[in-house]
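Commentary on secondary and tertiary structure
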Amino acid sequence: MTVAKLVIRIVFFTFVEQSPSYKDGFDKLEKILNEELEIDGNSNGEIKIWFVVNCNDKSYGFQIINSIDPKMEKSIIDFLSKKQNWVSGKQSGKAVDCSYSLRLKVRKGKLKL
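Here goes a summary of the coordinates provided. Quick caveat, the model's predicted, so the values are computed rather than measured. (Residues numbered from 1 in each chain as written. Predicted model: local features only at pLDDT ≥ 70, side-chain atom pairs only at ≥ 80, totals over all residues. Heavy atoms only, no water.)

1. Details of the overall build of the chain
Here is the rule we go by: Numbering of helices and strands runs from the N terminus; a helix is a DSSP stretch of H or I covering at least four residues, while a strand is a stretch of E covering at least two. Accessibility here uses a 1.4 Å probe with only protein chains present; expressed as a share of the type maximum, an area under 20% marks a residue as buried, one over 50% as exposed, and anything in between as partly exposed. The contact criterion used is simple: two residues touch if any of their non-hydrogen atoms lie within 4.5 Å. The protein chains shown are the only cover counted for residues, whose accessible areas, like all others here, come from Shrake-Rupley with a 1.4 Å probe. In this tally, Lys and Arg are treated as positive and Asp and Glu as negative; His is ignored, and so are the chain termini. By convention, the charge on Lys lies at NZ, on Arg at CZ, on Asp at CG and on Glu at CD.
Scanning the chain from terminus to terminus reveals two helices and eight strands. Starting at the N terminus and walking to the C terminus, you meet the elements of the chain as β-α-β-β-α-β-β-β-β-β. Along the longest, intermediate and shortest principal axes, the C-alpha atoms of the chain span 65 × 35 × 20 Å. For the chain, with 113 residues in total, the buried portion stands at 35%. Across the chain, contacts joining residues at least 24 apart in sequence account for 73% of those joining residues at least 6 apart. For the chain, the exposed surface amounts to about 7600 Å²; the carbon and sulfur share of it is 49%. Averaging the coordinates of the 19 positive side-chain charges in the chain and doing the same for the 14 negative ones gives two points 4 Å apart.

This is the structure:
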């Protein structure tokens, strides 16, 4: 009997020469987040979200690193996972899978990148 063993390795970069970015720019992302999401006007603090942008410009694996309001963070992650407008990071001129963290400051119910 032959036993085949399949090994899958998921590799992504933590540091790259060119970091991932939002296609329309981070100012546009900030504007869209504030227009699309309803955030409690009393909310203040900082949210840090970690995720991967792959070499095909898709994002996945969203995790909250710094939390202030789980309901708000869920809506932000739902929004970001649907908005696949990312540009992958580059290493030696080649698009690569790369981790990225996004820091959102919340002041009086408004998000600031």
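2. Quick word on the sheet that holds strand S2 (residues 45-53)
How we decide: Only strands joined by at least two bridges in the DSSP assignment are considered to pair. Here, axes are lines fitted to C-alpha atoms. For helices the fit covers the stretch in contact, and angles between N-to-C directions go from 0 to 180 degrees.
Read across the sheet, four strands follow the order S3-S2-S7-S8 without closing on themselves; strand pairing throughout is antiparallel. Looking at strand neighbours, the two that pair on one side only are strand S3 (59-66) and strand S8 (110-112), the edges of this open sheet. Ignoring strand direction, the axes of neighbouring strands in this sheet form an average angle of 30°. Bridge count for strand S7 (residues 98-107) against S8 is three bridges, and the pairing is antiparallel. Residue pairing in the sheet places arginine 107 in a bridge with lysine 110 of S8. Contacts between helix H2 (residues 70-82) and the sheet are confined to S2, S3, S7 and S8, with S3 contributing the most and set at about 155° to the helix.

3. Describing the nonpolar core
Heads up, the rule is: Only buried residues count toward a nonpolar core, which is a set of Ala, Val, Leu, Ile, Met, Phe, Trp, Tyr and Cys residues joined through side-chain atoms within 4.5 Å.
Judged by nonpolar contacts, the single largest core of 22 residues is most densely connected at Ile49, Ile76 and Leu80. Taken together, the elements giving at least two residues each to this core come down to helix H1 (26-36), S2, H2 and S7. Looking at this core element by element, the count peaks at five residues for H2. Sequence-distant contacts of isoleucine 76, that is, excluding residues within four places in its chain, are made with Leu37, Ile47, Ile49, Leu104 and Leu111.

4. Things to note about the packing of aromatic side chains
Using the following cut-off: Note on aromatic contacts: the rings of Phe and Tyr and the six-membered ring of Trp form a pair at centre separations within 6.5 Å, being stacked when their planes are under 30 degrees apart, edge-to-face when over 60 apart, and tilted otherwise.
Tallying each qualifying case throughout the model produces seven aromatic pairs. Measuring from centroid to centroid gives 5.3 Å for tyrosine 22 and tryptophan 86, while their planes differ by 80°, and the two rings are edge-to-face. Pair noted here: tyrosine 22 is in strand S1 (residues 21-22) and tryptophan 86 is in strand S4 (residues 86-87), with a separation of 64 residues, a long-range link. Connected via pairs of aromatic rings, a cluster forms that spans Tyr22, Phe26, Phe51, Phe62, Trp86 and Tyr100.

5. Let's talk about the pattern of salt bridges
Which entries qualify depends on this criterion: For this document, the term salt bridge refers to a Lys or Arg side-chain nitrogen within 4 Å of an Asp or Glu carboxyl oxygen.
All chains considered together, the criterion is met by three salt bridges. The residue glutamate 30 makes a salt bridge to lysine 112 at a minimum N-O spacing of 3.9 Å. Within this pair, whereas glutamate 30 is found in helix H1, its partner lysine 112 is found in strand S8, the two being separated by 82 residues in sequence. Among the residues examined, lysine 112 registers a relative accessible area of 48% and is labelled partly exposed. A salt bridge links lysine 31 to glutamate 35; its shortest N-O distance comes to 4.0 Å.

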